[in-house]
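# Analysis of the macromolecular model
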Amino acid sequence: MSIGSVLDLLRPEFPDVTISKIRFLEAEGLIRPERTPSGYRRFSVADVERLRFVLTAQRDQYLPLKVIKEQLEAIDSGAATLGVREARARAHSVRTGETESGHVSPDGEQSTRGSDRGARPAPAPRRLGVVPNEISPDDLRFDHEIRVTRADLLDQAGIDDTFLGDLIRANLITPGPAGYFDADAVTLAKTARAMAEFGLEARHLRAFKLAADREAALVAQIAAPIAKSRDADARARAEETVRELAALSLTLHTCLVKSSVRSSLGG
């Protein structure tokens, strides 16, 4: 199945998963989908279950990728047989505190802590929006397999048509020639919706767009000479350079914003 089909299977359980996330996990060696002669990824059912294992471990157990990768290597070597369903049950017990309140644990054993029966687990801390410390160049690859209709974008991003119109008029989101949107448009709309809760309207976000355009122009200026060379793989090398520089610029931008905010708050 295609990466778009995998995304459709996973999103009901993992709403925040993206094509970039799947590609990043592939780049880190956690999944290894086959490739068609034309270079497209083709995922098997086993690949999808492997992805579910990784995403569940990240979401419910907050495990770093290094640890998850070690677990997968143990499974691949036959040293471990932990299945996805078992992992979900174990993670669920951690979230709900079942083994701490006398309920039956995932392995079928009864907890002996009768004195804690009925005690409510401490509420989990509010999970904030995640901004990675480093951006992977693979996050900046374009995926032309995903085409999102206007109705689907509204549904997935949780916005109304008026809000989307504001984003389009502010040039923050641009539909394609056929009227479709890409997966990044959904992420952008979700982000804009979240920022709107702080009173930032689409017109306020144009400053981010202008800054992004300036950064993109600088990156393109560096990559242009590579693209114009006569090498057979010149365009591919130029695109890879753009992705690497753009990823570095995003990491730099994040650090600069954090530093400036810290200074403005007197930190």
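What counts, and at which threshold
Residues numbered from 1 in each chain as written. Predicted model: local features only at pLDDT ≥ 70, side-chain atom pairs only at ≥ 80, totals over all residues. Heavy atoms only, no water. Helix = DSSP H or I, 4+ residues; strand = E, 2+ residues; numbered from the N terminus. Buried < 20%, exposed > 50% of the residue type's maximum accessible area, 1.4 Å probe, protein only. Contact = heavy atoms within 4.5 Å. Areas by Shrake-Rupley, 256 points an atom, 1.4 Å probe, with all protein chains shown as cover. Salt bridge = Lys/Arg side-chain N within 4 Å of Asp/Glu carboxyl O. Axes fitted to C-alpha atoms, helices over the stretch in contact; angles between N-to-C directions. Parallel < 35°, antiparallel > 145°, perpendicular 65-115°, else oblique. Nonpolar A, V, L, I, M, F, W, Y, C, P; charged D, E, K, R; others polar. Core = buried A, V, L, I, M, F, W, Y, C linked by side-chain atoms within 4.5 Å. Phe/Tyr/Trp six-rings, centres within 6.5 Å; stacked < 30°, edge-to-face > 60°. Lys NZ or Arg CZ within 6 Å of the ring centre and 35° of its normal. Patch = residues over 30% accessible without salt bridge, like charges linked within 9 Å, V, L, I, M, F, W, Y side chains within 5 Å. Arc of directions from axis to C-beta. pLDDT = per-residue confidence, 0-100.

A word on the overall build of the protein. The number of helices and strands found in the protein is 10 helices and 2 strands. Along the protein, from the amino end to the carboxyl end, the secondary structure elements read α-α-β-β-α-α-α-α-α-α-α-α. Counting the 267 residues in the protein, one finds 30% classified as buried. Partitioning the intrachain contacts of the protein with sequence separation of at least 6 by distance along the chain shows that 56% fall at a separation of at least 24. Taken as a whole, the protein presents about 17,500 Å² of accessible surface, with 55% of it coming from carbon and sulfur.

Summed over all chains, the structure comprises 11 salt bridges. Note that arginine 203 is salt-bridged to glutamate 201, the shortest N-O span being 2.9 Å. Of the residues examined, glutamate 201 reaches a relative accessible area of 44% and is grouped as partly exposed.

Axis angle and axis distance: for two packed helices, these are the angle between their axes and the distance between the axes, and together they describe the pair. Axis separation between helix 1 (residues 3-10) and helix 2 (residues 19-27) bottoms out at 10 Å; the angle between their running directions is 110 degrees. In terms of orientation, helix 1 and helix 2 fall into the roughly perpendicular class. Along its contact with helix 1, which presents Ile3, Val6 and Leu7, the element helix 2 presents Ile19, Ile22 and Arg23. Across the contact of helix 1 with helix 2, the residue classes tally to 5 nonpolar, no polar and 1 charged.

The next subject is the nonpolar core. Within soluble globular proteins, side chains that are nonpolar generally end up buried alongside one another. Formed by 41 residues in total, the largest nonpolar core has its most connected members in Leu10, Ile22, Ile68, Leu153, Ile159 and Leu167. Of all the secondary-structure elements, those providing two or more residues to this core are helix 1, helix 2, helix 3 (45-61), helix 4 (65-77), helix 6 (150-157), helix 7 (161-169) and helix 8 (183-196). For this core, the element with the most residues is helix 3, which contributes 6 residues. Beyond its immediate stretch of four places on either side in the chain, isoleucine 22 contacts Ile3, Val6, Leu7, Val17, Ile31, Phe43 and Leu51.

Let us look at helix 2. Buried within helix 2 are the following residues: Ile19, Ser20, Ile22, Arg23, Leu25 and Glu26. Looking at the buried positions of helix 2, the neighbouring elements they touch are helix 1, strand 1 (34-35), strand 2 (41-42), helix 3 and helix 4. Phi for glycine 29, located one or two positions after helix 2, is positive at around 85 degrees.

This brings us to the packing of aromatic side chains. Considering all chains together, one arrives at 0 aromatic pairs under this definition. Over the face of the ring belonging to tyrosine 180 we find arginine 147, whose NZ or CZ atom lies 4.2 Å from the ring centre.

Now for a nonpolar patch on the surface. Together, Met1, Leu9 and Val45 make up a nonpolar patch on the protein surface, roughly 260 Å² of accessible area in all. Its place among the elements puts leucine 9 in helix 1. With a relative accessible area of 41%, leucine 9 lands in the partly exposed category.

With that out of the way, let us pick up unusual backbone geometry. Backbone geometry follows two general trends: most residues other than glycine have a negative phi, and most peptide bonds adopt the trans configuration. In this model, tyrosine 62 sits at a positive phi of 55 degrees, which is unusual for a non-glycine residue. Along the polypeptide, tyrosine 62 turns up in the loop between helix 3 and helix 4. In this structure, asparagine 171 takes a positive phi of about 60 degrees despite not being glycine. Of note, asparagine 171 is situated in the loop between helix 7 and helix 8.

Another aspect to go through is the environment of glutamine 221. Mapped onto the secondary structure, glutamine 221 falls in helix 9 (residues 206-227). Judged by relative accessible area, glutamine 221 falls into the exposed class, the value being 60%. Sequence separation between glutamine 221 and valine 242 is 21 residues; the distance between their C-alpha atoms is 9.6 Å.

Now for helix 6. Every buried residue belonging to helix 6 is among Leu153, Leu154 and Ala157, and all of these are buried. Relative to the axis of helix 6, the buried residues are bounded by an arc of 100 degrees and lie together on one face. In helix 6, those exposed residues whose orientation departs by more than 90 degrees from the buried face are Ala151 and Asp155. If you follow the buried residues of helix 6, they end up packed against helix 7 and helix 8. Just past helix 6, the residue glycine 158 takes up positive phi, approximately 70 degrees.

The next thing to look at is the confidence of the model for the protein. Model confidence for the protein is summarised by a mean pLDDT of 77, while 75% of its residues fall at 70 or above. Summarising per-element confidence for the protein, the mean pLDDT is lowest in helix 5 (residues 84-96) (47) and highest in helix 7 (94). Note on residues 87-92: pLDDT under 50 across the span, and 12 contacts to partners over four residues away in sequence or across chains.

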